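Listed here are the chains, written in short residue letters.
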Amino acid sequence: MNCIRTSLAAASLAISTAIPAGAEIVASTCRLLSYNGSNTTVETFRCDFMQRGGNVMVNSAEHEFSFLAADQGETYIRINSIPLRFTRTGVYTLEVTQAPWLR
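These notes cover the structure that comes with them.

Rules used in this analysis
Residues numbered from 1 in each chain as written. Predicted model: local features only at pLDDT ≥ 70, side-chain atom pairs only at ≥ 80, totals over all residues. Heavy atoms only, no water. Salt bridge = Lys/Arg side-chain N within 4 Å of Asp/Glu carboxyl O. Helix = DSSP H or I, 4+ residues; strand = E, 2+ residues; numbered from the N terminus. Buried < 20%, exposed > 50% of the residue type's maximum accessible area, 1.4 Å probe, protein only. Pairing = 2+ DSSP bridges. Contact = heavy atoms within 4.5 Å. Phe/Tyr/Trp six-rings, centres within 6.5 Å; stacked < 30°, edge-to-face > 60°.

This next bit is on the pattern of salt bridges. Counted by the stated rule, this structure contains two salt bridges. For the salt bridge of Glu95 with Arg31, the shortest nitrogen-to-oxygen distance reads 3.1 Å. Of this pair, Glu95 sits in strand 7 (residues 92-98) while Arg31 sits in strand 1 (residues 25-36), and the two are 64 residues apart along the sequence. Taking the relative accessible area as the measure of exposure, Glu95 reaches 12% and is therefore buried. In this structure, the salt-bridge partner of Glu95 is Arg85, at a minimum N-O distance of 3.3 Å. With Glu95 in strand 7 and Arg85 in strand 6 (residues 84-88), this pair connects stretches of sequence that are ten residues apart.

Dropping the structure here:
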């Protein structure tokens, strides 16, 4: 009986380590500030926030954003605050307020 338990535990461990952990999707509110010279437009919309390994994806019906951890400080600036901010200088700033109770 002990042998069966040990085998089952080993099999469970092997299966759980073989399957990568998925990123949690958090319903959020996004605010997009788009820059066009001296004109700034502001758009607010519902979005889904996902983060895995420092990489972030923000998706909505209208927009898709991807922020790779390796590019932080190179192509965008991330400010960990509430709201969370991602800025591509001179192009846009995306603010994400995570609120899983939205939906």
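Our focus in this paragraph is the pairing of strand 1. Across twelve bridges, the pairing between strand 1 and strand 2 (residues 39-52) is antiparallel. By the bridge assignment, Tyr35 is partnered in strand 2 with Thr40. Turn length for the strand 1-strand 2 hairpin, with the two strands adjacent in sequence and antiparallel, is two residues, and the turn residue Gly37 shows positive phi of about 65°. Pairing of strand 1 with strand 7 involves seven bridges; the strand directions are antiparallel. When the sheet's bridge partners are listed, Cys30 is paired in strand 7 with Val96.

With that out of the way, let us pick up the side chain of Asn59. If you trace the backbone, Asn59 turns up in strand 3 (residues 55-59). Residue Asn59 is classed as buried on the basis of its relative accessible area of 19%. In contact with Asn59, not counting residues within four places along its chain, are Cys47, Asp48, Met50, Glu64 and Phe65.

So, about the packing of aromatic side chains. One pass over the full model with this rule turns up five aromatic pairs. Three or more aromatic residues link up through ring pairs in this structure, and these residues are Phe65, Phe67, Tyr76, Phe86 and Tyr92.

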